Amino acid sequence: MTDRKRTLSGIKPTGSPHLGNYLGMLKPALAMQATHETFYFIADYHALTSVTNPKELRENTYDLVAVFDALGMDFSRHTFFRQSDVPEVTELTWLLSCVTPMGLLERAHAYKEKRQSKEDVTHGLFAYPVLMAADILIYDSHEVPVGKDQKQHLEMTRDIAQRFNHIYGETFIVPEPRIAEVVATIPGLDGRKMSKSYDNVIPLFSSEAQLRKQVMRIVTDSKSVEEPKDPEHCNVFQIFRQFADETQREAWAKRYRAGGMGYGEIKQATFEAINEAIRKPRERYFAVREDTAQLDAILAEGGERARQVAGAVLYRARKRVGLS
Ligand code: ADP
Ligand code: TRP
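Summarised in this report is the structure supplied together with it. Owing to the predicted nature of the structure, the values given are computational and were not obtained by experimental measurement.

### What to know about the site of ligand 1
Here's step 1: What surrounds ligand 1 is a group of 17 residues, the closest being His-18, Gly-147, Asp-149, Ser-195 and Lys-196.
Here's step 2: Between ligand 1 and the protein, one listed contact pairs an oxygen atom with a side-chain N or O atom of Ser-195 at 2.9 Å.
Here's step 3: Of the pockets mapped on this structure, ligand 1 occupies the largest pocket.
Here's step 4: In terms of residue count, helix H1 (residues 19–31) provides more of the shell around ligand 1 than any other element does, four residues in total.
Here's step 5: Split by residue class, the shell around ligand 1 holds six nonpolar, eight polar and three charged.

In structure tokens:
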């Protein structure tokens, strides 16, 4: 296990995970258990930049533990934890803040978007990328599997690590992003990026009836059944392709181009494909989600393991800057 590369990723407890989270992050990250030493965590400190209801934060956190369990996270061999169970990360955030230029943070997409829409921006949101850099660097991570929207954050992490190493000497591993390019960005019901912030998501685990209803709501163009259609520019097909094999993909793409196929048909096929893929994990999800004592035990064990690694790396960084 120890000669394996270490992969780390986080997900915020800001609502039920959706198909975009699943395809962009959860599925590829969980597959890496076979080849890597994995550190995955629930980014609850980060969630505080948007979630202000304590009960919601706790419930969302349990949801995520159950999701990882249902999708096959092996808690005994890998490290799964809650970000805030390792408060060392906030101390490292401060050390990194002191080498992070304001200009770097001012260029962050999330921050710029908020400013442009004239929403209030907190210091927490502004400093978000520094905390994220600390998350990654404090576990000596080699690789970080995330969706494409996190690319800029990873570039910032690399930048911050390099600056620190330059000023204080080699301290941190400069991590590599692992972006599932084929998945790119999964569109939501309205065609924009599927995101909790746009309220356009298909939840990963809901009832079969709800899943069906959501898929039927995906926006398409208004071409008639007879007209030929373009699968590459169809939101439904972008989701369908993720759950289909090569043969199915080609067969349906051909039907799009030939005309004579209505969007209702491909929506039904998409619903069936998703439903089949998540049937077993969904059952497990609803079973384990009830047992919060067991979910707490999983977090306690993972947190302890994570804390040992984090403590050692923080100690290294403190020494470098001249703190005792
Ligand atoms: P949201 O945008 O819904 O708030 P998060 O920011 O919590 O989602 O994202 C958690 C993980 O899921 C990240 O690695 C992110 O890149 C990935 N992800 C989120 N939305 C999508 C999407 N529409 N397509 C692909 N990956 C996504
Ligand atoms: N910012 C990430 C997101 O919104 C979540 C996250 C926090 C994360 N810390 C991280 C992802 C460290 C990878 C590594 O999805």
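### What to know about the pattern of salt bridges
Here's step 1: Overall, the coordinates contain 22 salt bridges when judged by the stated rule.
Here's step 2: Between Arg-289 and Glu-59 there is a salt bridge, with the nearest N and O atoms lying 2.7 Å from each other. Highlighted residues: Arg-289 in helix H12 (residues 263–289) and Glu-59 in helix H3 (residues 54–70), separated in sequence by 230 residues.
Here's step 3: The class for Glu-59 is partly exposed, based on a relative accessible area of 34%.
Here's step 4: Close ionic contact of Lys-151 with Glu-155 constitutes a salt bridge, the shortest N to O distance being 4.0 Å. Within this pair, Lys-151 and its partner Glu-155 are both found in helix H8 (residues 151–168), separated by four residues, close to a single helical turn.
Here's step 5: Taken together, the shared-partner salt bridges in this structure form one network comprising Glu-59, Asp-63 and Arg-289.

### A word on helix H11 (residues 246–258)
Here's step 1: End to end, H11 covers 18 Å across 13 residues, agreeing with the expected 18 Å (1.5 Å per residue, within 8%).
Here's step 2: All of the buried residues along H11 are Trp-252, Ala-253 and Tyr-256. Buried residues in H11, looked at end-on, bunch into an arc of 105°, giving them a common side. Within H11, the exposed residues directed more than 90 degrees away from the buried face are Thr-247, Glu-250, Lys-254 and Ala-258.
Here's step 3: Those residues of H11 hidden inside the fold are in contact with helix H10 (235–243) and H12.
Here's step 4: Where H11 terminates, the next one or two residues include Gly-259, which has phi positive at roughly 80°.

### Some words on the nonpolar core
Here's step 1: Ranked by size, the top nonpolar core spans 54 residues in total, and within it Phe-68, Phe-80, Ile-202, Ile-239 and Ile-266 carry the most contacts.
Here's step 2: At the level of elements, H1, strand S2 (37–42), H3, helix H9 (208–216), H10, H11, H12 and helix H13 (292–321) are the ones that each hand at least two residues to this core.
Here's step 3: The biggest single contributor to this core is H12, with nine residues.
Here's step 4: Two domains each provide a minimum of three residues to this core, namely domain 1 (6–184 + 291–321) and domain 2 (205–286).
Here's step 5: Each residue touching Ile-266, except ones within four places of it in the same chain, is listed here: Val-236, Phe-240, Trp-252, Tyr-256 and Met-261.
Here's step 6: Core analysis: the next-biggest nonpolar cluster, separate from the first, contains 40 residues, Leu-92, Tyr-111, Met-132 and Leu-314 among them.

### Some remarks on the side chain of His-153
Here's step 1: If you trace the backbone, His-153 turns up in helix H8.
Here's step 2: Non-local contacts of His-153, meaning those with residues more than four positions away in its chain, are made with Tyr-128, Pro-129 and Met-132.

### Quick word on the site of ligand 2
Here's step 1: By nearness alone, 14 residues border ligand 2, and Lys-12, Tyr-128, Met-132, Asp-135 and Gln-150 come closest of all.
Here's step 2: Between Tyr-128 and ligand 2, the recorded distance is 2.7 Å, taken from a side-chain N or O atom to a nitrogen atom.
Here's step 3: Note that a nitrogen atom of ligand 2 is positioned 3.1 Å from one of the side-chain N or O atoms of Gln-150.
Here's step 4: Look at ligand 2: alone it shows 360 Å² of surface, and the protein chains cover 91% of it.
Here's step 5: Applying the majority rule of atoms within 2 Å of the grid points places ligand 2 in the largest pocket.
Here's step 6: Those elements that provide at least two residues to the shell around ligand 2 are strand S1 (6–11), helix H7 (123–137) and strand S4 (143–146).
Here's step 7: With four residues, the top contributor of residues to the shell around ligand 2 is H7.
Here's step 8: Classifying every residue of the shell around ligand 2 gives eight nonpolar, four polar and two charged.

Calculation criteria
Residues numbered from 1 in each chain as written. Chains lettered and ligands numbered in written order. Predicted model: local features only at pLDDT ≥ 70, side-chain atom pairs only at ≥ 80, totals over all residues. Heavy atoms only, no water. Near = heavy atom within 4 Å. Polar contact = N/O pair within 3.5 Å; in protein donor to acceptor, adjacent residues only side chain to side chain. 1 Å grid on protein atoms, 1.4 Å probe; cavity = no way out; pocket = protein on both sides within 12 Å on 5 of 7 lines; lining within 4 Å. Sits in = over half its atoms within 2 Å of the grid points. Helix = DSSP H or I, 4+ residues; strand = E, 2+ residues; numbered from the N terminus. Nonpolar A, V, L, I, M, F, W, Y, C, P; charged D, E, K, R; others polar. Salt bridge = Lys/Arg side-chain N within 4 Å of Asp/Glu carboxyl O. Buried < 20%, exposed > 50% of the residue type's maximum accessible area, 1.4 Å probe, protein only. Expected span 1.5 Å × (residues − 1). Arc of directions from axis to C-beta. Contact = heavy atoms within 4.5 Å. Core = buried A, V, L, I, M, F, W, Y, C linked by side-chain atoms within 4.5 Å. Domains from an automatic or database assignment. Areas by Shrake-Rupley, 256 points an atom, 1.4 Å probe, with all protein chains shown as cover.

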